[in-house]
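Read off the chains here:
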Amino acid sequence: MKHRAVVRGIGVGVGEDGSNVPAVVLEARDEFLPIVITSDQAQAIQLGLSGEQFERPLTHDLLVEMVTEFGGAIDSIRIDDLSNGTFLAKVDAERYHDGEARTFVFDARPSDAIALAIRVDCPILISDEVLDAAGQSPEAFDADFDE
């Protein structure tokens, strides 16, 4: 089963070496799912969340614009597997040609998939298997994410 998730925000944890480690925090099934990302990925997600517009498109904005211009749409993103501590994601898209829908599935880093989902306002879906393996109680977080 897949559960619709919401982005609760960007958090910062402490790595094994004492350095700050950014993570995007998703909420699904009344659990938080932190996914460690780079600072560049955190910035791309945060900019999408803020809705801030730039004079020139950033990478994720450019990709959305290209997909749309070519007659496609991003339908949803899925975080549906966890392998050796690495989250795996898919982008589900479609394109209509001569009235016929053609669907596509693209492998993606979760951070890129989430950045795209924020920009097109499509569902973020997380599998039970991923939540069972990595979901955490909200009480485990020392953070106050906006409601």
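Predicted model only: the values in this text are computed from it and were never measured.

Parameters and conventions
What you see as residue numbers is a count from 1 along each chain, following the sequence as written. Local features in a predicted model are, by the rule used here, given only for residues with pLDDT of at least 70; side-chain atom pairs are given and counted only at 80 or more, and totals for whole chains, interfaces and linings are based on all residues. Water and hydrogen atoms were dropped before computing side-chain values, which therefore reflect all heavy atoms in the structure. Buried Ala, Val, Leu, Ile, Met, Phe, Trp, Tyr and Cys residues that are joined via side-chain atoms within 4.5 Å together make up what is termed a nonpolar core. Each residue is assigned to one of three classes by its accessible area relative to the maximum for its type, calculated with a 1.4 Å probe on protein chains only: buried under 20%, partly exposed between the two thresholds, exposed over 50%. In DSSP terms, a helix is any run of H or I states spanning at least four residues, a strand is any run of E spanning at least two, and both are numbered starting from the N terminus. Contacts were defined at the residue level, with two residues in contact if any of their heavy atoms lie within 4.5 Å. Axes, fitted as lines to C-alpha atoms, cover a helix only where it is in contact. Angles between the N-to-C directions of the axes lie from 0 to 180 degrees. Working definition: roughly parallel below 35 degrees, roughly antiparallel above 145 degrees, roughly perpendicular at 65 to 115 degrees, and oblique for all remaining angles. Any residue outside Ala, Val, Leu, Ile, Met, Phe, Trp, Tyr, Cys, Pro, Asp, Glu, Lys and Arg is labelled polar, Gly included; the first ten of those are nonpolar and the last four are charged. Two strands qualify as a pair provided DSSP detects at least 2 bridges between them. Crossing handedness is defined as follows: a turn of the near helix away from the far one that is anticlockwise and smaller than a right angle gives a left-handed crossing, while the clockwise case is right-handed. Within this analysis, patches are made of residues with over 30% relative accessible area and no salt bridge. Like charges are joined at 9 Å or less; nonpolar side chains (Val, Leu, Ile, Met, Phe, Trp, Tyr) at 5 Å or less. Note on areas: Shrake-Rupley with a 1.4 Å probe; residue coverage comes only from the protein chains shown. By convention in these notes, a salt bridge is any Lys or Arg side-chain nitrogen within 4 Å of a carboxyl oxygen on Asp or Glu. Aromatic rings from Phe, Tyr and Trp, with only the six-membered ring used for Trp, were paired whenever their centres fell within 6.5 Å, and each pair was classed as stacked if the ring planes differed by under 30 degrees, edge-to-face if by over 60, and tilted otherwise. UniProt positions are given in the numbering used here, feature names are shortened, and annotations may be inferred rather than shown by experiment.

Caption draft 1: Highlighting the nonpolar core. Counting 28 residues, the largest nonpolar core has Leu 26, Leu 33, Ile 35, Ile 77, Ile 79, Ile 114 and Ile 126 as its most contacted members. For this core, the secondary structure elements donating two or more residues are strand E2 (20-28), strand E3 (31-36), helix H1 (39-50), strand E4 (72-83), strand E5 (86-97), helix H3 (110-120), strand E7 (124-127) and helix H4 (128-134). The element best represented in this core is H3, accounting for six residues. Apart from the residues lying within four places of it in its own chain, the contact partners of Ile 77 are Lys 90, Val 91, Ala 113, Ile 114, Ala 117, Cys 122, Pro 123, Ile 124 and Leu 125.

Caption draft 2: Quick look at the packing of H1 against H3. Two numbers describe how H1 lies on H3: the axes approach to 9 Å, and their chain directions differ by 10°. Judged on the interaxial angle alone, H3 and H1 are roughly parallel. Taken together, the residues of H3 that come into contact with H1 (itself represented by Gln 41, Ala 44, Ile 45, Leu 47, Gly 48 and Leu 49) are Ser 111, Ile 114, Ala 115, Ile 118 and Arg 119. Each residue belonging to the contact of H1 with H3 can be placed in one class, and the counts come to seven nonpolar, three polar and one charged.

Caption draft 3: Highlighting the sheet that holds E2. Read from one edge to the other, the open sheet built from seven strands follows the order E3-E2-E1-E7-E4-E5-E6, with strand pairing classed as mixed. This sheet does not close on itself; its edge strands, each paired only once, are E3 and strand E6 (100-108). Strand-to-strand twist in this sheet, taken as the mean axis angle between neighbours without regard to direction, amounts to 35°. Bridge count for E4 against E5 is ten bridges, and the pairing is antiparallel. Counterpart to Asp 81 in the pairing with E5 is Leu 88.

Caption draft 4: Structural detail: the packing of helix H2 (residues 59-69) against H3. In the contact formed by H2 and H3, the axes pass within 10 Å of each other and the chain directions differ by 65°. In the crossing of H2 with H3, the sense of the turn from one axis to the other is right-handed. Of the residues in H3, those in contact with His 60, Asp 61, Leu 63 and Val 64 of H2 are Asp 112, Ala 115, Leu 116, Arg 119 and Val 120. Across the contact of H2 with H3, the residue classes tally to five nonpolar, one polar and three charged.

Caption draft 5: Representation of a nonpolar patch on the surface. Side chains of Leu 62, Met 66 and Phe 70 sit close together on the surface and give an oily, nonpolar patch of about 310 Å² of accessible area. You can call Met 66 partly exposed: its relative accessible area is 38%.

Caption draft 6: Focus on the packing of aromatic side chains. Tallied over the entire structure, the rule returns two aromatic pairs. With a centroid separation of 5.1 Å and 65° between ring planes, the pair formed by Phe 32 and Phe 141 is classed as edge-to-face. Of this pair, Phe 32 sits in strand E3 while Phe 141 is found in the segment after H4, placing the two residues 109 residues apart along the sequence.

Caption draft 7: Broad picture of the UniProt feature "domain: BFN" (unreviewed entry) in the chain. On the UniProt side, "domain: BFN" (unreviewed entry) is annotated at positions that read residues 2-138 here. The span residues 2-138 shows a helical share of 30% and a strand share of 47%, and its end C-alpha atoms are spaced 19 Å apart.

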